[in-house]
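# A look at the structure
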Amino acid sequence: MSETKTEKNIFIRGKFLVPISDKLGRNAVIEDGYVLIKDGKILRSGKYGESLGKSIIEKYRNNLKILGCSKKSGFKSSDIKCLNKIILPGFVKAHGHDHESPIIGIAKDMPLTPWLDKAVNLFTGFMNEKRGMLEKRFGKSPNYVTYIKARLDDIHYGITASMVHHCNHNKYRVGEIVKANIDAGTKMIVAVGSQDQHYDPRILDIPAGIAVKRLDDYIKLYGNAERTQIIPGPDQDFSNTPELLKKLKNWANSHKTLIHIHSSEEPNTTKWFTKNNKMTPVELFNSIKFLDENTILAHQVNCTENDLKILKKTKAKVVHNPLANTILGSGMPPVIKMMEMGIPVVISTDGSGSADNQSIINAARLASQYQKALHQDATLLPAQKTLEMITIEPAKFLRMNTGSIESGKDADVILIDLERPNMVPTRKDNVIDNIIWAADGSEVSDVVANGKILKENYSFKTLNAKKIKEEALELSELMVAYRKTAKEIKGTGAHK
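Summarised in this report is the structure supplied together with it. (Residues numbered from 1 in each chain as written. Predicted model: local features only at pLDDT ≥ 70, side-chain atom pairs only at ≥ 80, totals over all residues. Heavy atoms only, no water.)

Before going further, it helps to examine the pattern of salt bridges. Evaluated as defined, the whole model comprises 32 salt bridges. One salt bridge in this structure joins Lys179 and Asp183, with 2.7 Å as the shortest N-O distance. Residue Lys179 and its partner Asp183 are both found in helix α5 (residues 174-184); the two are separated by 4 residues, about one turn of the helix. Overall, the relative accessible area of 30% leaves Asp183 in the partly exposed class. Taking the shortest distance from any N to any O, the salt bridge between Lys466 and Glu470 comes out at 2.6 Å. (Salt bridge = Lys/Arg side-chain N within 4 Å of Asp/Glu carboxyl O. Helix = DSSP H or I, 4+ residues; strand = E, 2+ residues; numbered from the N terminus. Buried < 20%, exposed > 50% of the residue type's maximum accessible area, 1.4 Å probe, protein only.)

Have a look at this one:
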(Lines give C-alpha, C1' and ligand atoms only; values in the text may rest on other atoms or scores of the structure.)
Protein backbone atom coordinates (compact mmCIF):
# COMPACT_ATOMS: atom_id res chain seq x y z
CA MET A 1 0.00 0.00 0.00
CA SER A 2 1.34 3.44 -0.88
CA GLU A 3 1.53 6.28 1.64
CA THR A 4 -0.99 9.10 1.38
CA LYS A 5 0.80 12.43 1.33
CA THR A 6 -0.38 15.02 3.82
CA GLU A 7 -1.15 18.60 2.83
CA LYS A 8 1.30 21.44 3.24
CA ASN A 9 1.10 23.12 6.63
CA ILE A 10 -2.54 23.93 7.42
CA PHE A 11 -3.77 26.88 9.46
CA ILE A 12 -7.37 27.04 10.70
CA ARG A 13 -8.98 29.96 12.52
CA GLY A 14 -12.54 29.81 13.79
CA LYS A 15 -15.00 31.65 16.01
CA PHE A 16 -14.76 28.94 18.68
CA LEU A 17 -12.17 26.25 19.42
CA VAL A 18 -13.44 23.31 21.47
CA PRO A 19 -10.35 21.15 22.04
CA ILE A 20 -11.84 18.54 24.45
CA SER A 21 -8.37 18.19 25.90
CA ASP A 22 -7.25 16.77 29.23
CA LYS A 23 -4.42 19.32 29.20
CA LEU A 24 -6.64 22.37 28.71
CA GLY A 25 -9.71 21.03 30.50
CA ARG A 26 -12.33 19.05 28.64
CA ASN A 27 -14.92 21.82 28.88
CA ALA A 28 -12.61 24.55 27.56
CA VAL A 29 -14.04 26.88 24.91
CA ILE A 30 -11.66 29.35 23.27
CA GLU A 31 -13.08 32.31 21.39
CA ASP A 32 -11.27 33.16 18.14
CA GLY A 33 -9.22 29.99 18.28
CA TYR A 34 -6.76 28.44 15.87
CA VAL A 35 -5.07 25.17 14.99
CA LEU A 36 -1.73 24.82 13.18
CA ILE A 37 -1.10 21.47 11.50
CA LYS A 38 2.31 20.24 10.34
CA ASP A 39 3.28 16.84 8.90
CA GLY A 40 -0.03 15.25 9.80
CA LYS A 41 0.10 16.29 13.48
CA ILE A 42 -1.30 19.19 15.48
CA LEU A 43 1.66 21.49 16.10
CA ARG A 44 -0.06 24.28 18.02
CA SER A 45 -3.53 25.46 19.01
CA GLY A 46 -5.04 28.14 21.18
CA LYS A 47 -6.30 31.72 21.04
CA TYR A 48 -5.53 33.66 17.87
CA GLY A 49 -3.79 37.01 17.84
CA GLU A 50 -2.59 39.35 15.09
CA SER A 51 1.07 38.84 15.99
CA LEU A 52 0.60 35.08 15.83
CA GLY A 53 -0.86 35.33 12.32
CA LYS A 54 2.06 37.44 11.12
CA SER A 55 4.62 35.03 12.58
CA ILE A 56 2.89 32.02 10.97
CA ILE A 57 2.92 33.68 7.54
CA GLU A 58 6.53 34.77 7.96
CA LYS A 59 7.67 31.31 9.04
CA TYR A 60 5.80 29.20 6.49
CA ARG A 61 5.47 31.74 3.67
CA ASN A 62 4.27 29.88 0.55
CA ASN A 63 4.28 26.44 2.20
CA LEU A 64 0.92 27.07 3.81
CA LYS A 65 -2.74 26.28 3.33
CA ILE A 66 -5.11 28.68 5.11
CA LEU A 67 -8.55 27.12 5.40
CA GLY A 68 -11.15 29.47 3.95
CA CYS A 69 -8.62 31.39 1.86
CA SER A 70 -8.42 30.90 -1.90
CA LYS A 71 -4.90 32.30 -2.20
CA LYS A 72 -2.02 29.82 -2.52
CA SER A 73 0.86 32.20 -1.85
CA GLY A 74 1.68 35.83 -1.12
CA PHE A 75 -0.28 35.77 2.14
CA LYS A 76 -0.92 38.72 4.40
CA SER A 77 -2.19 38.44 7.95
CA SER A 78 -5.52 39.82 6.72
CA ASP A 79 -5.92 36.60 4.68
CA ILE A 80 -6.37 34.63 7.90
CA LYS A 81 -10.11 35.13 8.31
CA CYS A 82 -11.95 34.09 11.44
CA LEU A 83 -14.40 31.55 10.00
CA ASN A 84 -17.85 31.55 11.55
CA LYS A 85 -17.34 27.95 12.58
CA ILE A 86 -16.56 25.73 15.57
CA ILE A 87 -13.21 23.90 15.48
CA LEU A 88 -13.50 20.43 17.02
CA PRO A 89 -11.53 17.17 17.05
CA GLY A 90 -12.83 14.67 14.49
CA PHE A 91 -15.48 12.29 15.81
CA VAL A 92 -14.42 8.72 16.67
CA LYS A 93 -16.83 5.86 15.91
CA ALA A 94 -16.08 2.82 18.07
CA HIS A 95 -18.56 0.43 16.42
CA GLY A 96 -20.04 0.32 12.93
CA HIS A 97 -20.49 -1.74 9.77
CA ASP A 98 -19.33 -0.37 6.44
CA HIS A 99 -21.45 -2.64 4.24
CA GLU A 100 -24.91 -1.47 5.28
CA SER A 101 -25.48 1.81 3.46
CA PRO A 102 -27.30 0.21 0.46
CA ILE A 103 -29.77 -1.59 2.78
CA ILE A 104 -31.12 1.51 4.51
CA GLY A 105 -34.91 1.10 4.83
CA ILE A 106 -34.92 -2.67 4.14
CA ALA A 107 -36.66 -5.09 6.53
CA LYS A 108 -37.70 -2.44 9.01
CA ASP A 109 -40.06 -2.86 11.97
CA MET A 110 -38.65 -6.22 13.01
CA PRO A 111 -36.22 -7.40 15.70
CA LEU A 112 -32.53 -8.04 15.23
CA THR A 113 -32.21 -11.67 14.13
CA PRO A 114 -34.96 -11.67 11.45
CA TRP A 115 -33.55 -8.33 10.24
CA LEU A 116 -30.08 -9.88 9.92
CA ASP A 117 -31.46 -12.62 7.68
CA LYS A 118 -33.84 -10.47 5.65
CA ALA A 119 -31.43 -7.55 5.16
CA VAL A 120 -27.77 -8.06 6.11
CA ASN A 121 -27.29 -11.74 5.28
CA LEU A 122 -29.43 -11.47 2.16
CA PHE A 123 -27.47 -8.45 0.90
CA THR A 124 -23.98 -9.76 1.61
CA GLY A 125 -24.98 -13.15 0.18
CA PHE A 126 -26.33 -11.38 -2.92
CA MET A 127 -22.97 -9.69 -3.49
CA ASN A 128 -21.22 -13.06 -3.27
CA GLU A 129 -23.74 -14.98 -5.39
CA LYS A 130 -23.91 -12.33 -8.13
CA ARG A 131 -20.27 -11.22 -7.88
CA GLY A 132 -19.42 -11.86 -11.52
CA MET A 133 -22.36 -9.83 -12.81
CA LEU A 134 -21.79 -7.03 -10.30
CA GLU A 135 -18.06 -6.77 -10.98
CA LYS A 136 -18.78 -6.49 -14.69
CA ARG A 137 -21.47 -3.88 -14.02
CA PHE A 138 -19.34 -1.65 -11.79
CA GLY A 139 -15.87 -2.52 -13.02
CA LYS A 140 -14.81 -3.29 -9.43
CA SER A 141 -15.76 -5.37 -6.43
CA PRO A 142 -19.36 -4.63 -5.33
CA ASN A 143 -18.07 -4.69 -1.75
CA TYR A 144 -15.83 -1.74 -2.48
CA VAL A 145 -18.88 0.13 -3.79
CA THR A 146 -20.58 -0.10 -0.41
CA TYR A 147 -17.42 0.32 1.68
CA ILE A 148 -16.43 3.55 -0.07
CA LYS A 149 -19.99 4.85 0.34
CA ALA A 150 -19.59 4.26 4.08
CA ARG A 151 -16.39 6.32 4.03
CA LEU A 152 -18.32 9.12 2.30
CA ASP A 153 -21.02 8.90 4.99
CA ASP A 154 -18.49 9.10 7.81
CA ILE A 155 -16.65 12.08 6.34
CA HIS A 156 -19.99 13.82 5.74
CA TYR A 157 -20.75 13.60 9.46
CA GLY A 158 -17.23 14.44 10.65
CA ILE A 159 -16.11 10.92 11.62
CA THR A 160 -12.37 10.67 10.98
CA ALA A 161 -11.57 7.43 12.83
CA SER A 162 -13.56 4.24 13.37
CA MET A 163 -13.63 0.59 14.29
CA VAL A 164 -15.59 -1.34 11.70
CA HIS A 165 -17.05 -4.71 12.68
CA HIS A 166 -16.45 -6.60 9.43
CA CYS A 167 -18.85 -9.52 9.86
CA ASN A 168 -20.74 -12.10 7.82
CA HIS A 169 -19.62 -12.47 4.17
CA ASN A 170 -17.57 -9.29 4.63
CA LYS A 171 -14.90 -11.21 6.55
CA TYR A 172 -13.69 -12.46 3.16
CA ARG A 173 -13.43 -8.93 1.73
CA VAL A 174 -10.91 -7.18 3.96
CA GLY A 175 -8.76 -6.06 1.03
CA GLU A 176 -11.58 -3.88 -0.29
CA ILE A 177 -12.24 -2.16 3.03
CA VAL A 178 -8.55 -1.48 3.57
CA LYS A 179 -8.44 0.13 0.12
CA ALA A 180 -11.57 2.19 0.86
CA ASN A 181 -10.04 3.48 4.10
CA ILE A 182 -6.79 4.44 2.36
CA ASP A 183 -8.58 6.04 -0.59
CA ALA A 184 -10.79 8.12 1.72
CA GLY A 185 -7.97 9.28 4.01
CA THR A 186 -9.59 8.11 7.28
CA LYS A 187 -8.14 5.79 9.93
CA MET A 188 -9.69 2.46 10.85
CA ILE A 189 -9.50 -0.69 12.94
CA VAL A 190 -10.96 -3.65 11.03
CA ALA A 191 -12.45 -6.20 13.45
CA VAL A 192 -12.59 -9.32 11.25
CA GLY A 193 -15.68 -11.43 11.89
CA SER A 194 -16.15 -15.13 12.58
CA GLN A 195 -19.03 -17.54 13.12
CA ASP A 196 -19.04 -21.30 13.69
CA GLN A 197 -22.60 -21.99 14.91
CA HIS A 198 -26.23 -20.77 14.72
CA TYR A 199 -25.70 -18.78 11.54
CA ASP A 200 -25.96 -18.84 7.77
CA PRO A 201 -24.30 -22.18 6.92
CA ARG A 202 -22.52 -20.68 3.89
CA ILE A 203 -20.10 -18.79 6.12
CA LEU A 204 -19.51 -21.03 9.15
CA ASP A 205 -15.86 -21.31 10.21
CA ILE A 206 -15.53 -25.03 10.77
CA PRO A 207 -13.04 -26.10 12.02
CA ALA A 208 -12.33 -23.12 14.28
CA GLY A 209 -8.74 -22.82 13.04
CA ILE A 210 -10.03 -21.33 9.78
CA ALA A 211 -10.86 -18.05 11.51
CA VAL A 212 -7.41 -17.85 13.11
CA LYS A 213 -5.66 -18.58 9.82
CA ARG A 214 -7.73 -15.83 8.19
CA LEU A 215 -6.36 -13.32 10.69
CA ASP A 216 -2.80 -14.52 10.10
CA ASP A 217 -3.27 -14.13 6.35
CA TYR A 218 -4.72 -10.63 6.70
CA ILE A 219 -1.84 -9.53 8.94
CA LYS A 220 0.61 -10.67 6.25
CA LEU A 221 -1.34 -8.82 3.55
CA TYR A 222 -2.44 -5.68 5.35
CA GLY A 223 -0.47 -5.51 8.60
CA ASN A 224 1.50 -2.55 7.29
CA ALA A 225 -1.40 -0.82 5.51
CA GLU A 226 -1.58 2.90 6.08
CA ARG A 227 -3.77 4.02 9.01
CA THR A 228 -5.36 0.54 9.23
CA GLN A 229 -5.18 -2.16 11.91
CA ILE A 230 -6.48 -5.75 11.86
CA ILE A 231 -7.97 -7.33 15.01
CA PRO A 232 -10.30 -10.27 15.79
CA GLY A 233 -14.01 -9.43 15.66
CA PRO A 234 -16.08 -12.54 16.42
CA ASP A 235 -19.55 -11.59 15.25
CA GLN A 236 -22.12 -12.40 17.93
CA ASP A 237 -22.13 -14.02 21.36
CA PHE A 238 -24.46 -16.73 20.02
CA SER A 239 -22.64 -17.43 16.75
CA ASN A 240 -19.19 -18.29 18.12
CA THR A 241 -18.47 -21.40 20.21
CA PRO A 242 -16.33 -21.06 23.35
CA GLU A 243 -13.61 -22.99 21.53
CA LEU A 244 -13.42 -20.40 18.77
CA LEU A 245 -13.66 -17.45 21.17
CA LYS A 246 -10.72 -18.78 23.20
CA LYS A 247 -8.61 -19.18 20.06
CA LEU A 248 -9.38 -15.64 18.93
CA LYS A 249 -8.70 -14.15 22.37
CA ASN A 250 -5.37 -16.00 22.47
CA TRP A 251 -4.55 -14.53 19.06
CA ALA A 252 -5.41 -11.03 20.29
CA ASN A 253 -3.28 -11.51 23.41
CA SER A 254 -0.29 -12.79 21.44
CA HIS A 255 -0.56 -9.91 18.94
CA LYS A 256 -1.31 -7.35 21.70
CA THR A 257 -4.51 -6.18 19.99
CA LEU A 258 -8.05 -5.38 21.02
CA ILE A 259 -10.86 -7.86 20.41
CA HIS A 260 -14.42 -6.81 19.53
CA ILE A 261 -17.78 -8.65 19.66
CA HIS A 262 -21.53 -7.99 19.75
CA SER A 263 -22.96 -8.94 23.13
CA SER A 264 -26.44 -9.32 24.64
CA GLU A 265 -27.99 -7.13 21.99
CA GLU A 266 -31.53 -8.41 21.40
CA PRO A 267 -33.72 -9.62 24.31
CA ASN A 268 -35.19 -12.80 22.82
CA THR A 269 -31.84 -13.97 21.49
CA THR A 270 -30.16 -13.21 24.82
CA LYS A 271 -32.82 -15.23 26.67
CA TRP A 272 -32.42 -18.09 24.18
CA PHE A 273 -28.64 -18.00 24.56
CA THR A 274 -28.85 -17.97 28.36
CA LYS A 275 -31.32 -20.87 28.44
CA ASN A 276 -29.20 -22.99 26.07
CA ASN A 277 -25.90 -22.26 27.85
CA LYS A 278 -27.21 -21.89 31.41
CA MET A 279 -25.13 -18.70 31.48
CA THR A 280 -25.57 -15.20 30.15
CA PRO A 281 -23.22 -14.15 27.34
CA VAL A 282 -21.12 -12.12 29.80
CA GLU A 283 -20.95 -15.04 32.23
CA LEU A 284 -19.82 -17.35 29.44
CA PHE A 285 -17.21 -14.82 28.26
CA ASN A 286 -15.94 -14.56 31.82
CA SER A 287 -15.75 -18.34 32.24
CA ILE A 288 -13.32 -18.62 29.31
CA LYS A 289 -11.23 -15.55 30.29
CA PHE A 290 -12.41 -13.60 27.24
CA LEU A 291 -13.01 -10.35 29.14
CA ASP A 292 -10.34 -7.82 30.10
CA GLU A 293 -9.43 -4.19 29.43
CA ASN A 294 -8.69 -5.08 25.79
CA THR A 295 -12.19 -6.48 25.14
CA ILE A 296 -14.76 -4.14 23.58
CA LEU A 297 -18.41 -5.23 23.65
CA ALA A 298 -20.93 -3.68 21.27
CA HIS A 299 -24.43 -3.03 22.67
CA GLN A 300 -24.61 -5.04 25.95
CA VAL A 301 -28.27 -4.06 26.12
CA ASN A 302 -29.68 -6.92 28.19
CA CYS A 303 -27.73 -7.11 31.45
CA THR A 304 -28.13 -8.87 34.76
CA GLU A 305 -26.70 -7.55 38.02
CA ASN A 306 -24.04 -10.24 37.84
CA ASP A 307 -23.15 -9.18 34.29
CA LEU A 308 -22.46 -5.67 35.52
CA LYS A 309 -20.30 -6.92 38.38
CA ILE A 310 -18.28 -9.01 35.92
CA LEU A 311 -17.85 -6.11 33.51
CA LYS A 312 -16.62 -3.88 36.33
CA LYS A 313 -14.21 -6.51 37.64
CA THR A 314 -12.76 -7.43 34.23
CA LYS A 315 -12.56 -3.79 32.98
CA ALA A 316 -14.22 -4.72 29.69
CA LYS A 317 -15.53 -1.78 27.68
CA VAL A 318 -19.00 -1.14 26.21
CA VAL A 319 -20.01 0.70 23.02
CA HIS A 320 -23.59 1.99 23.25
CA ASN A 321 -25.50 2.24 19.94
CA PRO A 322 -28.80 3.98 20.74
CA LEU A 323 -30.01 4.48 17.15
CA ALA A 324 -29.92 0.77 16.27
CA ASN A 325 -31.05 -0.36 19.72
CA THR A 326 -34.25 1.68 19.49
CA ILE A 327 -35.02 1.05 15.80
CA LEU A 328 -34.65 -2.73 16.18
CA GLY A 329 -36.56 -2.70 19.46
CA SER A 330 -33.62 -4.26 21.31
CA GLY A 331 -33.96 -1.98 24.32
CA MET A 332 -31.32 0.22 25.92
CA PRO A 333 -28.44 -0.77 28.21
CA PRO A 334 -28.28 0.52 31.80
CA VAL A 335 -25.84 3.24 30.74
CA ILE A 336 -26.11 5.37 33.87
CA LYS A 337 -25.62 2.42 36.21
CA MET A 338 -22.67 1.21 34.13
CA MET A 339 -21.02 4.59 34.36
CA GLU A 340 -21.71 4.92 38.07
CA MET A 341 -20.04 1.53 38.58
CA GLY A 342 -17.00 2.62 36.60
CA ILE A 343 -17.68 0.49 33.51
CA PRO A 344 -16.26 2.41 30.51
CA VAL A 345 -19.01 3.38 28.01
CA VAL A 346 -18.88 5.35 24.76
CA ILE A 347 -21.49 6.16 22.10
CA SER A 348 -21.53 5.06 18.47
CA THR A 349 -23.84 4.72 15.47
CA ASP A 350 -23.75 1.01 14.53
CA GLY A 351 -24.29 0.40 10.79
CA SER A 352 -26.42 2.47 8.43
CA GLY A 353 -28.84 -0.40 7.83
CA SER A 354 -30.02 -0.46 11.43
CA ALA A 355 -29.38 3.18 12.33
CA ASP A 356 -30.39 4.66 8.92
CA ASN A 357 -27.64 7.27 9.09
CA GLN A 358 -24.18 7.82 10.52
CA SER A 359 -24.84 11.08 12.34
CA ILE A 360 -22.90 10.45 15.51
CA ILE A 361 -24.25 13.73 16.89
CA ASN A 362 -27.78 12.29 16.57
CA ALA A 363 -26.62 9.13 18.35
CA ALA A 364 -25.15 11.17 21.20
CA ARG A 365 -28.31 13.25 21.52
CA LEU A 366 -30.58 10.20 21.59
CA ALA A 367 -28.40 8.53 24.21
CA SER A 368 -28.80 11.56 26.45
CA GLN A 369 -32.52 12.07 25.76
CA TYR A 370 -33.38 8.48 26.53
CA GLN A 371 -31.58 8.41 29.89
CA LYS A 372 -33.02 11.77 30.95
CA ALA A 373 -36.55 10.56 30.21
CA LEU A 374 -36.11 7.04 31.60
CA HIS A 375 -34.78 8.29 34.94
CA GLN A 376 -36.82 11.50 34.94
CA ASP A 377 -33.61 13.40 35.60
CA ALA A 378 -32.59 16.18 33.20
CA THR A 379 -29.09 16.36 34.69
CA LEU A 380 -28.01 12.98 33.30
CA LEU A 381 -25.60 12.73 30.35
CA PRO A 382 -25.17 16.47 29.76
CA ALA A 383 -23.90 17.75 26.41
CA GLN A 384 -20.30 18.00 27.63
CA LYS A 385 -20.20 14.34 28.66
CA THR A 386 -21.89 13.03 25.51
CA LEU A 387 -19.48 15.06 23.37
CA GLU A 388 -16.57 13.40 25.18
CA MET A 389 -18.20 10.01 24.51
CA ILE A 390 -17.86 10.51 20.73
CA THR A 391 -14.39 12.07 20.73
CA ILE A 392 -11.73 11.66 23.41
CA GLU A 393 -13.21 8.61 25.16
CA PRO A 394 -13.62 6.32 22.11
CA ALA A 395 -10.14 7.40 20.97
CA LYS A 396 -8.84 5.99 24.25
CA PHE A 397 -10.92 2.82 23.76
CA LEU A 398 -9.31 2.28 20.36
CA ARG A 399 -5.80 3.36 21.45
CA MET A 400 -5.78 6.04 18.77
CA ASN A 401 -3.77 9.25 18.97
CA THR A 402 -6.80 11.40 18.28
CA GLY A 403 -10.07 12.62 19.85
CA SER A 404 -8.73 15.94 21.15
CA ILE A 405 -6.94 19.02 19.83
CA GLU A 406 -3.53 19.33 21.44
CA SER A 407 0.10 19.32 20.32
CA GLY A 408 1.32 15.95 19.07
CA LYS A 409 -2.11 14.48 18.40
CA ASP A 410 -3.01 13.28 14.90
CA ALA A 411 -4.39 16.19 12.89
CA ASP A 412 -8.04 15.06 12.90
CA VAL A 413 -10.04 18.29 12.95
CA ILE A 414 -13.56 19.20 11.86
CA LEU A 415 -15.43 22.48 11.50
CA ILE A 416 -19.12 22.98 12.29
CA ASP A 417 -20.82 25.77 10.34
CA LEU A 418 -22.48 28.43 12.48
CA GLU A 419 -24.20 30.03 9.47
CA ARG A 420 -26.82 27.27 9.44
CA PRO A 421 -30.15 28.56 10.85
CA ASN A 422 -30.38 25.85 13.50
CA MET A 423 -27.00 26.93 14.89
CA VAL A 424 -28.09 30.53 15.52
CA PRO A 425 -27.61 31.80 18.18
CA THR A 426 -24.35 30.12 19.25
CA ARG A 427 -22.33 31.91 21.92
CA LYS A 428 -19.40 30.92 24.08
CA ASP A 429 -21.73 29.95 26.92
CA ASN A 430 -23.88 27.57 24.81
CA VAL A 431 -21.53 26.32 22.10
CA ILE A 432 -21.12 22.79 23.52
CA ASP A 433 -24.86 22.47 24.18
CA ASN A 434 -25.59 23.54 20.61
CA ILE A 435 -23.27 20.89 19.15
CA ILE A 436 -25.37 18.17 20.79
CA TRP A 437 -28.83 19.76 20.97
CA ALA A 438 -29.06 22.08 17.96
CA ALA A 439 -26.88 20.40 15.32
CA ASP A 440 -27.93 17.36 13.27
CA GLY A 441 -24.49 16.49 11.88
CA SER A 442 -24.91 17.96 8.41
CA GLU A 443 -23.31 21.21 9.61
CA VAL A 444 -19.84 19.63 9.35
CA SER A 445 -18.42 21.78 6.56
CA ASP A 446 -14.73 20.91 6.70
CA VAL A 447 -12.85 17.74 7.64
CA VAL A 448 -9.11 17.28 8.07
CA ALA A 449 -7.83 13.79 8.88
CA ASN A 450 -4.21 12.88 9.48
CA GLY A 451 -3.23 16.29 8.12
CA LYS A 452 -5.07 15.82 4.84
CA ILE A 453 -8.13 17.85 3.83
CA LEU A 454 -10.97 15.42 3.10
CA LYS A 455 -13.77 17.98 2.92
CA GLU A 456 -13.54 21.72 2.40
CA ASN A 457 -16.55 24.01 2.57
CA TYR A 458 -18.86 20.99 2.02
CA SER A 459 -16.86 19.75 -1.01
CA PHE A 460 -15.28 16.29 -0.78
CA LYS A 461 -11.61 16.32 -1.75
CA THR A 462 -10.50 12.68 -1.64
CA LEU A 463 -13.68 11.06 -2.95
CA ASN A 464 -15.87 11.45 -6.04
CA ALA A 465 -19.10 11.92 -4.10
CA LYS A 466 -21.37 12.00 -7.15
CA LYS A 467 -20.09 8.72 -8.56
CA ILE A 468 -20.07 7.00 -5.18
CA LYS A 469 -23.70 7.95 -4.51
CA GLU A 470 -24.82 6.87 -7.99
CA GLU A 471 -23.17 3.47 -7.67
CA ALA A 472 -24.55 2.89 -4.16
CA LEU A 473 -28.06 3.68 -5.41
CA GLU A 474 -27.69 1.32 -8.36
CA LEU A 475 -26.39 -1.46 -6.10
CA SER A 476 -29.33 -1.02 -3.74
CA GLU A 477 -31.80 -1.16 -6.65
CA LEU A 478 -30.24 -4.40 -7.89
CA MET A 479 -30.47 -5.80 -4.37
CA VAL A 480 -34.18 -4.94 -4.10
CA ALA A 481 -34.88 -6.65 -7.43
CA TYR A 482 -32.92 -9.74 -6.30
CA ARG A 483 -34.77 -9.82 -2.98
CA LYS A 484 -38.13 -10.41 -4.69
CA THR A 485 -37.14 -13.88 -5.89
CA ALA A 486 -34.33 -14.82 -3.49
CA LYS A 487 -34.58 -17.91 -1.31
CA GLU A 488 -35.50 -17.01 2.25
CA ILE A 489 -32.66 -17.19 4.78
CA LYS A 490 -33.58 -18.34 8.27
CA GLY A 491 -30.41 -19.41 9.99
CA THR A 492 -29.50 -16.82 12.59
CA GLY A 493 -29.59 -17.34 16.35
CA ALA A 494 -32.99 -17.59 18.00
CA HIS A 495 -34.61 -16.82 14.63
CA LYS A 496 -33.40 -20.24 13.39
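Resuming the write-up.
As a further point, take the sheet that holds strand β13 (residues 345-347). If you walk across this open sheet you meet the 4 strands as β10-β11-β12-β13, and the pairing is parallel. At either end of the open sheet lies a strand with only one pairing partner, and these are β10 (259-263) and β13. For this sheet the average axis-to-axis angle between neighbouring strands, irrespective of direction, equals 25°. Across 3 bridges, strand β11 (residues 295-299) lies against strand β12 (residues 317-320) in parallel orientation. Residue pairing in the sheet places Ala298 in a bridge with Val319 of β12. (Pairing = 2+ DSSP bridges. Axes fitted to C-alpha atoms, helices over the stretch in contact; angles between N-to-C directions.)

To continue, consider unusual backbone geometry. That bond from Ile206 to Pro207 is cis: its omega, 0°, falls within 30 degrees of zero. Among the secondary structure elements, Pro207 is positioned in the loop between β8 (187-192) and α6 (209-222). Here the bond from Val424 into Pro425 is cis, since omega is 5°, no more than 30 degrees from zero. Here Pro425 is to be found in the loop between β14 (413-417) and α17 (431-437). Despite not being glycine, Lys278 shows a phi value in the positive range, around 55°. When you line up the elements, Lys278 lands in the loop between α8 (267-277) and α9 (281-287).

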